[in-house]
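The lines below spell out each chain.
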Amino acid sequence: MIDVKISAKEYDTQAADLYGFRIIVSDYTTIVNEFLAYYKGFARINNCEFVRPGQYDRAAGEDSKYGILLNNLGTYNESRPTYIRSSSLHHGYGTAVGVFDSVGMIVENNVIHRTIEYAIRITGAETVIRNNLMSVTHWGSTMLPDNAPYDVVGYFGAIDTVFAKSAI
């Protein structure tokens, strides 16, 4: 049984736009009462369904538009753990899950179906990717066939750990 369902609103040109929702868990700094305040987020995502996550934009660079992005969270903290467990992400418009510049984040027991390019992409260290089922990861030009003759970026597999220091 799914506890929470998050779905991008459907609209007429969505399939052509390749545009869904994003969830970003990160850190930030701001000024509060003339003092510098630093905040670090965390997320306990468990038993959720995500429909149409992500936004396709290969040129986004540092701002890749993942369905769920865990970014710059430091080292896994037992008192404020961050994880994605026992959830489904499907019919997405980009990479479903990105974990960047974080250590020991957990992505386990999920089903990820129909993404564009990767299902999961990580950097950082010791990210745990365990017992996930991933099916149908599309090459970007599958969705934008006019780009295919010029699309020489390469093959995108289900899990990308190329820039990770380590992964479990």
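So, how was this worked out
- Residues numbered from 1 in each chain as written.
- Predicted model: local features only at pLDDT ≥ 70, side-chain atom pairs only at ≥ 80, totals over all residues.
- Heavy atoms only, no water.
- Pairing = 2+ DSSP bridges.
- Helix = DSSP H or I, 4+ residues; strand = E, 2+ residues; numbered from the N terminus.
- Buried < 20%, exposed > 50% of the residue type's maximum accessible area, 1.4 Å probe, protein only.
- Axes fitted to C-alpha atoms, helices over the stretch in contact; angles between N-to-C directions.
- Contact = heavy atoms within 4.5 Å.
- Polar contact = N/O pair within 3.5 Å; in protein donor to acceptor, adjacent residues only side chain to side chain.
- Salt bridge = Lys/Arg side-chain N within 4 Å of Asp/Glu carboxyl O.

**Some points on the pairing of strand β3 (residues 27–32)**
Inspection of the sheet shows β3 paired to strand β4 (residues 35–40) by six bridges, in the antiparallel sense. Among the inter-strand pairings, I31 is bridged to a residue of β4, identified as L36. Hairpin connection, β3 to β4: the antiparallel pair is bridged by two residues, and N33 has positive phi, about 50 degrees.

**Section: the pairing of strand β6 (residues 48–51)**
Of the two faces of β6, the one lined by C48 and F50 and the one lined by E49 and V51 are each fully buried. Bridging between strand β1 (residues 4–7) and β6 involves four bridges; their strand directions are parallel. Looking across to β6, one finds that I6 is bridged to F50. The sheet contact formed by β6 and strand β9 (residues 88–90) spans three bridges and is parallel.

**Considerations on the sheet that holds β6**
What the five strands build is an open sheet, ordered β1-β6-β9-β12-β15; its pairing is parallel. The open sheet has two edge strands, β1 and β15 (133–138), and neither has a second partner. The mean angle between the axes of side-by-side strands here comes to 15 degrees, regardless of whether they run parallel or antiparallel. Here β9 pairs with strand β12 (residues 111–116) via three bridges, running parallel. Opposite S88, over in β12, you have V111 as the bridge partner.

**Observations regarding the side chain of E108**
On the secondary structure map, E108 appears in strand β11 (residues 106–108). A relative accessible area of 12% means that E108 is categorised as buried. Leaving out residues up to four positions away in the same chain, E108 has contacts with I84, R85, S86, R130 and N132.

**Observations regarding the side chain of T82**
Inspection of the secondary structure puts T82 in the loop between β7 (68–75) and β8 (83–85). A residue is classified by how much of its surface remains accessible, and T82, at 4% relative accessible area, is buried. Within the structure, the side chain of T82 is placed 3.3 Å from the backbone nitrogen of A43, a separation counted as a polar contact. Excluding residues within four positions of it along the chain, T82 makes contact with G41, F42, A43, L70, L73, Y76, M105 and I106.

**Examining the pattern of salt bridges**
Applying the stated criterion across every chain yields a total of four salt bridges. Salt-bridge contacts for D160 lead to R121; the nearest nitrogen and oxygen are separated by 2.7 Å. One end of the pair, D160, is in strand β16 (residues 159–160); the other, R121, is in strand β13 (residues 120–122), and 39 residues separate them in sequence. Where salt bridges share partners, they join R85, E108 and R130 into one cluster.

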